[in-house]
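As a plain string of letters, each chain reads:
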Amino acid sequence: MKLMAMGSEASVYSKGDRVVKIRKRKGYRLNEIDAPLRKSRTRMEFGIMKKCYSSGIRVPAPLKMKEEDCSIEMEKIEGIQFDSKFSTEKMKELGEMVAKMHRAGVVHGDLTTANILLTEKELVIIDFGLSEHTAKDESRATDIYLLKNALKSRHKELYEKAYDTFLDSYSGSIGKEFKGINAHLKDIEKRRRYNEDY
Amino acid sequence: MYVLGIESTAHTFGVGIVKDGEVIANERDTLKPAQGGIIPREAAAHHYRLAPMLLKAAIDKAGIKMKDIDVVGFSQGPGLIPALKVGYQVAHLISEKYGAKVVGVNHCIAHLEIARKYTGLEDPVMLYVSGGNTQVITYQGGRYLVFGETQDIGVGNLIDKIGRKMGMPFPAGPKIENMARSGRKYIKLPYSIKGMDVSFTGMETFVSRIIGREKSEDVSFSLQETIFAMLIEASERAMAYCRKDSLVITGGVAANSRLNDMGEVMCRERGAVSKRIPLEYAGDNGAMIAYTAYLMKDYRQRDLTIKPRYRTDTVEIKYR
Ligand SMILES: Nc1ncnc2c1ncn2[C@@H]1O[C@H](COP(=O)(O)OP(=O)(O)O)[C@@H](O)[C@H]1O
Ligand SMILES: [Mg+2]
């Protein structure tokens, strides 16, 4: 297997038309923390990928999980990371995807443009290591907040337009639940600013 | 060219002097309240009391006279209002009396600049951990951007709060570090990472409940192992996301050697570098303000008031 990418926590290997994502031991972390964490994230990621896949959300087809080495085998997506070829036009599509994912009861937990792949025809969401099965407004708001921050820091010039496009599309797709989510979003931002005051 | 810098965002009052960008004096004093955290007014009183003495000590150490100062920098924020006001007043006073130009410095950026200077790392990701601040910052597109941060309380505050509950004096960091060395048992604690952010309030509640029921050594050990792992994971995520290959840990909590060790192991495993900065420049200090004011000496700033909620990413970096 050939190493394809080092993500934010895992190594991703190429294996024909599949990839294998392996969470290796982190030497800085005590084994009592590290081992259960890697195992539960792998298990959670695989389960959530299956749920998303069967709900028609564009994610790589999950194929096999091995708990012993914390690995997941999945469909290889022919594309590139969205952050390296970012465009605001795709934000409408992303808003719809995230709304659909949230409606399926999944919150991603690490929604950045590095965890979205761009293929010739569409976006594909990957990296569900920090995901949760939840339909709570607050968790959904956290997802949006993280994306907003990622846009702001990584795509500064396009950030405002990109975020507006995303939010328009997301709120349109998620429907009346947006009100509650938006209240939490405002709350998270307020709390953050307050912290800067010590 | 002589630049004097004043730090007074929290409980430390510091005066530093740089000559052509090299530190030649760094004097400071930190208020250590008998119990509890920082009371803003007490910090300010402490700063007023010690300012004249620390100024003189720095000037003497540098072997210069007040009138030799060309630029006077001060911490504009973020920080506690009463404490910030002291630095503001002293800087403006020096400017009026001796004709030095005033430069307002962002406290977080000063930490980063002094860290770059003393590690020689060009473009690191900085994990900035102190009482009130817990941020992962790096340079991108002409600014210092916050990639990850605490969603609630600062890690230093968390440590101090827990320390107080275990009956330790403020600041509790060193005592907890010591106790942790003899901890043997890992008590499972909540590990809370949200993207590149961390969250500590769940930890505070959880640990408060086990204090007294578990040995302090084991609590300290488990606490350190968990919160530092979270911070190093957040740093690693930012490094991966921003494609940066070096790390520097700074702020008061950077005095903890376990945290530094973890940062080094993380970097080694991903083929990156991590360097330590001298302790003198890790905690709040005047030299970092002087040095950053030196870098900013040509800035024309319209707003030279204090900025208690000064955001790192609002400062345009023109000298890099
Ligand atoms: N199914 C896939 N098809 C193609 N490339 C992938 C796939 N999964 C991951 N990758 C590549 O590996 C990188 C890291 O994967 P990711 O799941 O985000 O791991 P991490 O949790 O370490 O960030 C991705 O950014 C992408 O470039
Ligand atoms: Mg990833």
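Fair warning: this is a prediction, and the values are worked out from it, not measured in the lab.

Honestly, the overall build of chain B in this entry has me stumped. Any pointers?
Check the secondary structure of chain B and you find nine helices and twelve strands. Projected onto the principal axes, the alpha-carbon positions of chain B cover approximately 60 × 45 × 30 Å. Here chain B, with 320 residues, has 64% of them falling under the buried criterion. In chain B, the proportion of contacts linking residues at least 24 apart, taken out of those at least 6 apart, comes to 75%. Just so you have it, chain B exposes about 12300 Å², and 50% of that area is on carbon and sulfur atoms. The averaged location of the 35 negative side-chain charges in chain B is 2 Å from the averaged location of its 43 positive side-chain charges.

Teacher, can you tell me more about the site of ligand 1 here?
All names here are of chain A. The environment of ligand 1 is formed by 20 residues, the closest being Glu9, Ala10, Lys21, Gln81 and Asp127. A distance of 2.7 Å is found between an oxygen atom of ligand 1 and a side-chain nitrogen or oxygen belonging to Lys21. In this structure, an oxygen atom belonging to ligand 1 sits 3.0 Å away from a side-chain N or O atom of Asn115. Mapped onto the shell around ligand 1, the elements with two or more residues apiece are strand 1 (2-6), strand 3 (18-22) and strand 5 (71-75). Looking at the shell around ligand 1, its residues break down into eleven nonpolar, four polar and five charged.

Looking at this structure, I do not really get the pattern of salt bridges. What am I missing?
Think of it this way: side chains of opposite charge can pair up when their charged atoms draw near. Within the structure shown, the criterion is met by 42 salt bridges over all chains. With a closest N to O distance of 2.9 Å, Glu9 of chain A and Arg41 of chain A form a salt bridge. Of the two residues, Glu9 of chain A is situated in the loop between strand 1 and strand 2 (11-15) and Arg41 of chain A in helix 1 (residues 31-54); the sequence distance between them amounts to 32 residues. In terms of burial, Glu9 of chain A and Arg41 of chain A fall into one category: buried. Between Asp83 of chain A and Arg243 of chain B there is a salt bridge, and its shortest N-O distance comes to 3.3 Å. One end of the pair, Asp83 of chain A, is in the loop between strand 6 (80-81) and helix 2 (91-103); the other, Arg243 of chain B, is in the loop between helix 7 (216-242) and strand 11 (246-250), on a second chain. A residue is classified by how much of its surface remains accessible, and Arg243 of chain B, at 47% relative accessible area, is partly exposed.

Any chance you could explain the confidence of the model for chain B here in plain terms?
Caution is warranted with low-pLDDT regions, since their predicted coordinates should not be read in detail. Averaged over every residue, the pLDDT of chain B is 95; residues scoring 70 or more account for 99%. Here the predicted complex scores 0.93 on pTM and 0.90 on ipTM.

Sorry if this is basic, but what is going on with the pairing of strand 1 of chain A here?
Regular strands show a simple pattern: their side chains alternate between the two faces of the sheet. All names here are of chain A. Sheet topology note: the strand 1/strand 2 ladder contains four bridges and is antiparallel. Its bridge partner being in strand 2, Met6 is matched across the sheet by Ser11. Counting the residues that bridge the hairpin from strand 1 to strand 2 gives four residues.

Mind showing me how you'd approach the sheet that holds strand 5 (residues 101-106) of chain B here?
Hydrogen bonds between backbone atoms are what pair the strands of a sheet, whose relative direction is either parallel or antiparallel. All names here are of chain B. Taken in spatial order, the five strands line up as 3-2-1-4-5 in an open sheet, and their pairing is mixed. Pairing within the sheet leaves two strands with one partner each, and these edge strands are strand 3 (22-30) and strand 5. Strand-to-strand twist across the sheet, computed as the mean angle between neighbouring axes with direction ignored, equals 20°. Looking at chain direction, strand 1 (residues 2-7) and strand 2 (residues 12-19) are connected through six bridges and run antiparallel. Paired with Gly5 across the bridge in strand 2 is Gly16. Helix-sheet contacts for helix 1 (residues 40-62) involve strand 1, strand 2 and strand 3, and the interaxial angle to strand 3 is about 155°. Helix-sheet contacts for helix 9 (residues 286-295) involve strand 1, strand 2, strand 3, strand 4 (71-77) and strand 5, and the interaxial angle to strand 1 is about 130°.

The rules behind these values
Counting restarts for each chain, with residues numbered from 1 along the sequence as it is written. Following the order in which they are written, the chains are lettered starting with A and the ligands numbered starting with 1. Residue-level local features of this predicted model are given only where pLDDT is at least 70; pairs of side-chain atoms are given and counted only at 80 or more, and the full residue set underlies all totals for whole chains, interfaces and linings. Side-chain numbers here rest on the full set of heavy atoms in the structure, without hydrogens or water. For helices the rule is a DSSP run of H or I covering at least 4 residues; for strands it is a run of E covering at least 2, with both sets numbered from the N terminus onward. For the exposure calls, accessible area comes from a 1.4 Å probe over protein chains only, and a residue counts as buried if that area is under 20% of its type's maximum, exposed if over 50%, partly exposed in between. Any pair of residues with heavy atoms lying within 4.5 Å of one another is described as a contacting pair. Accessibility throughout is a Shrake-Rupley quantity obtained with a 1.4 Å probe, and a residue counts as covered only by protein chains that appear here. Residues counted as positive are Lys and Arg, residues counted as negative are Asp and Glu, and His and the chain ends are not counted. Each charge is placed at NZ for Lys, CZ for Arg, CG for Asp and CD for Glu. Any residue with a non-hydrogen atom lying within 4 Å of a molecule or strand is treated as near it. Any pair of N or O atoms that falls within 3.5 Å is considered a polar contact. Within protein, one atom must be able to donate a hydrogen and the other to accept it, and sequence-neighbouring residues count only if both atoms are side-chain atoms. Each residue is assigned to one of three groups, with Ala, Val, Leu, Ile, Met, Phe, Trp, Tyr, Cys and Pro labelled nonpolar, Asp, Glu, Lys and Arg labelled charged, and all others, Gly among them, labelled polar. By definition here, a salt bridge exists when the distance from a side-chain nitrogen of Lys or Arg to a carboxyl oxygen of Asp or Glu is within 4 Å. Note on scores: pLDDT gives the predictor's confidence for each residue, bounded by 0 and 100. Strand pairing is assigned whenever DSSP detects at least two bridges linking the two strands. Axis definition: a line fitted to C-alpha atoms, over the contacting stretch in the case of helices. Angles run 0 to 180 degrees between N-to-C directions.

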